[in-house]
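Here is what each chain is made of, one letter per residue.
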Amino acid sequence: MTNMHCPDTIGLDSNQGGRSVVARRAPGRRDDVDSPILSIDELSFRFTALEGSQGIPVLEGLSLAVPRGGRNAPSAPAGSILFGRADSGKTTLARIVSGLVPRFTGGSLGGKVLIDGRDIRPVPPYELMQSVGLVSQDSDEQLLTTRCDTEVAFALESLGVPRRQMRERVSESLQKVGLPDFAARNPATLSGGEKKRLLVACLDALRPSLWIVDEALGELDIEWKTRVLDIIAGAGGTFLLMESRWSSLAASRGTSFFLLDQGRIRARSTDPREPAFLAALTDAGIRQGSPRGSRRPANDGFLRAEGLRFRFDGTGGFALGIDMLELHFGETCALVGRNGSGKSTLGKILCGLLRPQAGTIGIGGKWGFKKLRADELCTKVGYLFQNPDHQIYLPSVREELSLGLRRQRVERREIEARAEEAARIFELPNLAAPPALLSYGARRRLQAATFFLLSRDLLILDEIDSGLSYREVESLIDALASRVPGIVLITHDMALAKAACDRILVMDEGRVTGDARRGRFESLEGAGGQAVLK
Amino acid sequence: MIVEFYRPGDSPLHRLDPRPKILFLVVVLIAFFLPSAPWVLFLFTAAIVAVIAITLGPAQLLPPLKTLWPILILIFLLTPPFHRGGLPIVRIFDITLVTSEGLDTTLVLLLRFLGITFGFFAVVRTVALDDMVLSLRWFGLPYAACLVMTITLRTIPSLAATWHNVIDAHRLRTGVLDTRRRRRIVETYLPVLTSVLIEAVKGIPVLAMALESRGFGRRNPRTSYAELKKGRALLGDMLVLMAASVALLWPVLFRW
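Note that the structure is a prediction, hence the values are computed from the model and not measured.

Caption draft 1: Inspection of the overall build of chain B at higher detail. From N to C terminus, chain B includes nine helices and two strands. Reading the secondary structure of chain B in the N-to-C direction produces α-α-α-α-β-β-α-α-α-α-α. Each of the three principal axes of chain B carries a C-alpha extent, and together these read 70 × 60 × 35 Å. Within chain B, buried positions represent 28% of all 256 residues. Long-range contacts, defined as pairs at least 24 residues apart, comprise 71% of the intrachain contacts of chain B with a sequence gap of at least 6.

Here it is as structure tokens:
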């Protein structure tokens with residue numbers, strides 16, 4: 001239990017591997033290196049009761065202490081990692097610590113949150129910005145301006161930093177995240193991974209004492225995961241990473257580790273390899289169990305793309321070129337590759353959302369082969385967007401689930417029965433619940449459930465693993481595979497691809513450069529897949 | 001996907017400082033609202049259209065026209081019946097459909113609408129939002145008011161992007177969007193419109209969170225990353241657009 005009851009005493013968590021440091025803090029002194037930078041004591045929070053979420057506390061009796069690191073204590077640990085499933089309350093916790101919840105969302109908050117020994121509850125977010133900075137899970141919700149350089153500069157302008165100093169910091173931070181040539185680009189036109197890097201640059205320029213990074217690594221390829229972690233760890237502040245899946249890369253950077261489960265800290269350790277802690281992570285589905293592969297009956301159907309050529313209007317650099325690609329039904333295929341390699345573009349072409357400048361796509365089987373137009377592809381191939389909020393908009397879970405069935409002229413009673421079945425399989429709350437107020441994990445499950453009901457031959461899942469634990473992703477794939485013949489999983493997580501898929505395709509610069517089935521995955525390292533196979 | 005009105009470029013219009021451009025826009029508004037003959041308004045509109053076509057390219061005339069055409073048609077059809085003075089021009093049997101006054105008023109309204117729209121378009125197409133904020137602050141507008149304006153300008157195209165995104169999402173679930181029959185149009189676009197509205201409402205607290213976590217609300221003086229022209233460069237641009245303003249207002253003020 002964190003020692004928080006004595007007002008002038010701040011201590012590290014006594015459960016952290018037996019190391020317990022308790023230091024006396026002089027009243028008003030904020031730079032005591034032995035005091036935790038973030039102390040949370042008996043924190044509880046619940047949103048205002050709404051239909052579908054009554055009486056469910058998001059956080060309950062949560063206590064943790066993040067030890068100070070970085071420039072405030074060069075010899076001390078640099079940061080902590082908080083693991084938790086999608087619905088465990090990580091994002092709510094991040095927003096509470098940043099002063100955003102309950103200020104903008106309502107809800108009842110109990111317990112204490114201290115940053116640098118200061119109770120943050122009465123402090124508005126704009127007064128906390130130098131103490132705590134947040135990179136949120138959904139980058140779109142943090143972007144404000146129409147240029148990358150002014151996006152990075154916005155917080156510095158608020159602080160009144162002189163122009164010359166601001167220009168140096170902006171340029172340096174954009175350089176660090178590999179976006180020096182993007183200064184004049186509109187952030188809205190960046191890819192998901194690039195947006196995350198831009199938000200990291202915003203914090204790097206601002207240099208808050210505590211960085212909270214909520215699921216920042218999910219949309220990054222291995223090269224950028226490593227570089228972003230190095231930037232965060234080397235920024236001079238203390239960091240708190242929030243992750244839904246075990247990552248040895250992230251674990252090697254932290255020194256305090258927590259498992260958040262159902263709004264409480266269920267396990268904590270200073271050694272990420274401690275057997276009891278690892279067992280708790282595996283039990284919660286944060287760490288992967290044994291590889292499983294496909295569990296579906298064989299299917300002779302396939303989708304074939306030939307001679308695909310695609311280039312976005314006005315973008316000189318990227319060009320997609322696929323000479324021949326066959327995706328077989330009855331198998332789960334992973335599509336992996338660096339950020340910007342063309343995975344999502346290929347997915348959108350295969351489902352008819354983008355029209356290629358050349359090439360054909362069709363569906364075949366023992367019965368023969370039929371070329372399909374883009375509008376026909378939409379009825380055969382489904383596509384789950386990277387961001388579930390870009391795909392679920394309607395006022396209730398029932399309406400989301402029944403939209404496609406209504407268009408197929410299915411009878412009302414049948415629609416209700418199928419919607420209830422999908423809600424049960426995908427563990428959705430009641431059908432009247434508003435999707436906008438569901439947790440991230442539930443919104444992901446709802447997004448998948450809408451396609452589960454639509455009888456598509458192939459489903460492309462675009463980085464749906466982002467923000468979900470291994471168990472949650474595998475459950476989603478299992479549930480979809482019981483109804484959908486073919487699944488393509490676009491991911492940056494090779495451990496997940498190797499465990500959950502029967503085949504892996506590697507993309508690089510708009511082309512498929514590697515293709516291997518289970519048992520021969522290691523051969524991809526010689527086919528341009530080194531960068532993603534680490 | 002439309003993300004904003006501004007398009008980066010290096011045209012003469014882009015190179016002009018935004019402050020004289022905003023002042024010139026005010027002059028354009030005055031010129032179009034002063035009582036003038038249709039041929040004078042036609043000259044104004046033609047001049048603005050020519051400047052856009054020469055500096056930005058003729059293709060840039062299409063986006064405003066694509067948005068405006070339904071309103072232009074409504075003005076064309078609905079204005080003449082309400083202005084009955086002057087000589088009859090179009091008659092069917094004994095019914096006068098269009099009079100000279102009706103025609104003049106219609107032309108004035110159409111040209112005013114087109115000219116002002118193209119004038120605004122020329123400015124927002126060539127001034128980045130951040131420069132717009134700086135210019136408005138230079139004119140003395142409070143920062144919060146400037147921010148509201150820029151966020152509004154940023155939100156309109158972003159809602160358009162959301163609209164296209166929702167249409168894609170619905171297409172994936174419902175197949176081809178059938179817009180041929182009127183009943184189907186309502187059936188197709190009603191869920192899309194509902195979805196866009198929900199998305200817009202959801203965005204309000206999120207935007208507030210983003211603003212406050214980046215320091216909006218602080219009481220200390222705010223500095224600026226971007227910088228506008230100073231000294232001779234600004235004076236040069238001011239003189240160019242003052243000359244253009246005089247040329248524009250001359251026929252109206254001196255009845256020439």
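Caption draft 2: Region of interest: the overall build of chain A. When you go through chain A residue by residue, the secondary structure sums to 16 helices and 22 strands. Classification of the 534 residues of chain A by burial places 53% in the buried group. Taking contacts inside chain A between residues at least 6 apart in sequence as the whole, the part at least 24 apart equals 71%.

Caption draft 3: Region of interest: the confidence of the model for chain B. Residues and elements named next belong to chain B. Looking at chain B as a whole, its pLDDT mean stands at 83, while 91% of the residues score no less than 70. Between the elements of chain B, mean pLDDT differs from a low of 79, seen in helix H8 (residues 182-213), to a high of 91, seen in helix H5 (residues 100-126). In the model output, the complex is listed with pTM 0.79 alongside ipTM 0.81.

Caption draft 4: Local environment of the sheet that holds strand S5 (residues 79-84) of chain A. All names here are of chain A. An order of S8-S9-S10-S5-S11-S12 is seen for the six strands of this open sheet, with the pairing classed as mixed. This sheet does not close on itself; its edge strands, each paired only once, are strand S8 (132-135) and strand S12 (264-269). Strand-to-strand, the axes of this sheet are offset by a mean angle of 20°, without reference to chain direction. Of the strand pairs in this sheet, S8 and strand S9 (residues 210-214) are connected by four bridges, and their pairing is parallel. If you follow Val132 over to S9, its bridge partner there is Leu210. Helix H8 (residues 275-283) contacts S5, strand S11 (256-261) and S12 of the sheet and is inclined by roughly 140° relative to S12.

Caption draft 5: How the structure looks around unusual backbone geometry. All names here are of chain A. Here Val101 and Pro102 are connected by a cis peptide whose omega angle stands at 10°. Along the chain, the position of Pro102 falls in the loop between helix H1 (90-97) and strand S6 (108-115). Residues other than glycine seldom take positive phi values, yet Asp116 does so here, at roughly 55°. Within the element layout of this structure, Asp116 appears in the loop between S6 and strand S7 (118-119). Using a count of 21 C-beta atoms within 10 Å as the deciding quantity, one classes Asp116 as buried.

Caption draft 6: Spotlight on the nonpolar core. Ranked by internal contacts, the top residues of the largest apolar core, which has 164 residues, are Ile460, Val488 and Leu489 of chain A. With eight residues, helix H5 (residues 192-206) of chain A is the single largest residue contributor to this core. Excluding anything up to four places from it in sequence, Ile460 of chain A contacts Gly347, Leu350, Cys351, Val381, Gly382, Tyr383, Leu384, Val488 and Ile490 of chain A. By size, the runner-up hydrophobic cluster in this structure holds 27 residues, among which are Phe32, Leu129, Val133 and Leu134 of chain B.

Caption draft 7: Seen up close, the packing of helix H4 (residues 163-176) of chain A against H5 of chain A. Residue and element names in this part refer to chain A. Running from N to C, H4 and H5 cross one another at 140°; their axes reach a closest spacing of 9 Å. The angle between the axes of H4 and H5 places the two elements in the oblique class. The element H4 and its partner H5 pack so that their crossing is right-handed. Contact with H4, carried on its side by Arg169, Val170, Ser173, Leu174 and Lys176, involves Ala201, Asp204 and Ala205 of H5 and no other residues of that element.

Caption draft 8: Fine view of the interface of chain A and chain B. The partner chain B presents 46 residues to the 51 residues of chain A that form the contact. Listing elements by their share of the side of chain A that touches chain B, those giving two or more residues are helix H2 (125-128), helix H3 (148-159), H4, strand S18 (381-384) and helix H11 (397-407) of chain A. Top contributing element to the side of chain A that touches chain B by residue count: H3 of chain A, with eight residues. Classifying every residue of the side of chain A that touches chain B gives 28 nonpolar, 16 polar and seven charged.

Caption draft 9: Structural detail: the domain arrangement of chain B. All names here are of chain B. By domain assignment, chain B separates into domain 1 (8-127 + 227-256) and domain 2 (129-225). Of note, the centres of domain 1 and domain 2, computed from C-alpha atoms alone, are 28 Å apart. The residue makeup of the side of domain 1 that touches domain 2, split by class, is four nonpolar, no polar and one charged.

Caption draft 10: Fine view of the pairing of strand S22 (residues 511-517) of chain A. Residues and elements named next belong to chain A. As defined by bridge partners, strand S21 (residues 503-508) adjoins S22 across six bridges and the pair is classed as antiparallel. Across the sheet, Asp508 pairs through a bridge with Arg511, a residue of S22. Joining the antiparallel neighbours S21 and S22 is a turn of two residues, in which Glu509 adopts a positive phi near 50°.

Caption draft 11: Spatial organisation of helix H6 (residues 129-138) of chain B. Most of H6 of chain B is tucked away, with eight of its 10 residues classed as buried. Taken as a whole, H6 of chain B has its buried residues at Leu129, Asp130, Asp131, Met132, Val133, Leu134, Ser135 and Leu136 of chain B. In this fold, the buried residues of H6 of chain B make contact with H3 of chain A together with helix H2 (18-33) and helix H7 (143-174) of chain B. Count one or two residues on from H6 of chain B and you reach Gly140 of chain B, which has phi positive near 100°.

Caption draft 12: Structural detail: the sheet that holds S6 of chain A. All names here are of chain A. Strand order in this open sheet of four strands is S4-S3-S6-S7, and the pairing throughout is antiparallel. Of all strands in the sheet, those bounded by a partner on one side alone are strand S4 (59-66) and S7. As paired elements, strand S3 (residues 38-46) and S4 share five bridges and run antiparallel to each other. Bridging from a neighbouring strand, Phe45 pairs with Leu59 of S4.

Caption draft 13: Highlighting H3 of chain A. Counting buried positions along H3 of chain A yields 11 of 12 residues, so the element is predominantly enclosed. Each element contacted by the buried residues of H3 of chain A is listed here: H2, H4 and H5 of chain A together with H6 of chain B.

Caption draft 14: Fine view of the confidence of the model for chain A. Residue and element names in this part refer to chain A. Mean pLDDT over chain A: 84, with 86% of residues reaching 70 or higher. The weakest mean pLDDT in chain A belongs to strand S1 (residues 9-11) at 30; the strongest belongs to H4 at 96. Scored below 50 in pLDDT, residues 1-31 shows 58 contacts in the model against residues more than four places distant or in partner chains.

Here is what the cut-offs are and how they apply
- Residues numbered from 1 in each chain as written.
- Chains lettered and ligands numbered in written order.
- Predicted model: local features only at pLDDT ≥ 70, side-chain atom pairs only at ≥ 80, totals over all residues.
- Helix = DSSP H or I, 4+ residues; strand = E, 2+ residues; numbered from the N terminus.
- Buried ≥ 20, exposed ≤ 12 C-beta atoms within 10 Å, placed from the backbone.
- Contact = placed C-beta atoms within 7 Å.
- pLDDT = per-residue confidence, 0-100.
- Pairing = 2+ DSSP bridges.
- Axes fitted to C-alpha atoms, helices over the stretch in contact; angles between N-to-C directions.
- Core = buried A, V, L, I, M, F, W, Y, C linked by C-beta atoms within 7 Å.
- Parallel < 35°, antiparallel > 145°, perpendicular 65-115°, else oblique.
- Left-handed = near helix turned anticlockwise from the far one by under 90°.
- Nonpolar A, V, L, I, M, F, W, Y, C, P; charged D, E, K, R; others polar.
- Domains from an automatic or database assignment.

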